[in-house]
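Listed here are the chains, written in short residue letters.
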Amino acid sequence: MSQPHEGDNSTQRLPVIEQSADPAGASGLDQSASAADYDPVPVLAEGDGGRAGRFWSVCRVPAGLLAAVVLAVSGLLLYDIAAVRAHRHAMRWRVRLADWLAGHPVDDVAVLAGAGAVALIGLWLIALALTPGLRSILPMRRESAAVRAGLDRAAAALVLRDRAMEVAGVQSARVRMGRTRVVVRALSHFRELDDVRADLDAALGAGIRELGLAGPPGLAVHVSRPVRKG
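Here the structure is a predicted model, which is why all the values come from computation and not from measurement. (Residues numbered from 1 in each chain as written. Predicted model: local features only at pLDDT ≥ 70, side-chain atom pairs only at ≥ 80, totals over all residues. Heavy atoms only, no water.)

1. Some remarks on the layout of surface pockets
It is a probe the size of a water molecule, rolled over the atoms, that shows where empty space is left.
Reasoning step 1: Taken as a whole, the largest pocket spans an internal volume of roughly 270 Å³.
Reasoning step 2: Along the walls of the largest pocket sit 13 residues, with Cys-59, Pro-62, Leu-125, Leu-128 and Ala-129 positioned nearest its centre.
Reasoning step 3: Going through the elements one at a time, helix H2 (60-85) and helix H4 (109-130) are the ones with two or more residues in the lining of the largest pocket.
Reasoning step 4: In terms of residue count, H4 provides more of the lining of the largest pocket than any other element does, four residues in total.
Reasoning step 5: Its residues assigned to classes, the lining of the largest pocket shows 10 nonpolar, three polar and no charged. (1 Å grid on protein atoms, 1.4 Å probe; cavity = no way out; pocket = protein on both sides within 12 Å on 5 of 7 lines; lining within 4 Å. Points joined across faces, edges and corners; volume = space filled by probe spheres on them. Helix = DSSP H or I, 4+ residues; strand = E, 2+ residues; numbered from the N terminus. Nonpolar A, V, L, I, M, F, W, Y, C, P; charged D, E, K, R; others polar.)

2. Remarks on the nonpolar core
Reasoning step 1: Core analysis: the biggest nonpolar cluster contains 24 residues, and Met-177, Leu-200 and Leu-204 have the highest contact counts within it.
Reasoning step 2: With six residues, the single largest contributor to this core is helix H6 (residues 193-210).
Reasoning step 3: Among all residues touching Met-177, those that are not within four sequence positions of it are Leu-138, Arg-153, Ala-156, Ala-157, Leu-160, Val-182, Leu-211, Leu-213 and Pro-217. (Core = buried A, V, L, I, M, F, W, Y, C linked by side-chain atoms within 4.5 Å. Buried < 20%, exposed > 50% of the residue type's maximum accessible area, 1.4 Å probe, protein only. Contact = heavy atoms within 4.5 Å.)

3. Digging into the sheet that holds strand S4 (residues 181-188)
Reasoning step 1: Sheet architecture is open: three strands sit in the order S3-S4-S5, paired in mixed fashion. Each edge of the sheet is formed by a strand with only one pairing partner; in this case those strands are strand S3 (170-177) and strand S5 (218-224). Between one strand and the next, the sheet's axes are offset by a mean angle of 15°, whatever the strand orientation.
Reasoning step 2: As judged from the seven bridges shared by S4 and S5, these two strands associate in the parallel manner. What sits directly across from Val-182, in S5, is Leu-219.
Reasoning step 3: Of the strands in this sheet, S3 and S4 are in contact with helix H5 (residues 153-165), which crosses S3 at around 155°. (Pairing = 2+ DSSP bridges. Axes fitted to C-alpha atoms, helices over the stretch in contact; angles between N-to-C directions.)

Everything listed here is a matter of geometry and, on its own, says nothing about what the molecule does.
In structure tokens, the structure reads:
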């Protein structure tokens, strides 16, 4: 059998870098190590300007409900205190509560549990008041100071999934869209996995830039073979 010369036009298959020694793997998946353990690739925005903060949730309904509850409880307590000052009997629930608290010291487990629960609720309300909320809305770059735009996270994930399905060799794809990272898991039924992953990197990186987000997230791509049946 003759060896190919330097001037021959015969095609030779290039070796796959970092390919697993056991292609089938213990789980029955055919995937390369570089595809299974792929580090996020930062997708940078063009230029440093145009950044925008997150959208703040108005929270009219929760704030209204909380105000109504606080108003009702405060009004009930004020009424009871005024009734006692007017030499009338206090409400039964307040008498029972006072008797129960009189029989339980401060270091009682029930008292500590109740105080802890109230403290956690208070911290939760403070966190809601100080954080923007609306985690499902991704802020977009601001081209004008008078206009703010946002993109729904599920819609962005759907756009990137359509981009992934356009890559040759991709059978199915799942996209998890986060504020700081996009994780894509794809199944490839033909072509080398590293080639499919490289095409996905290029296509999804361009897709993330075209979304026009104020803070483009990083990209992590995982490509594997479908589970073999039988």
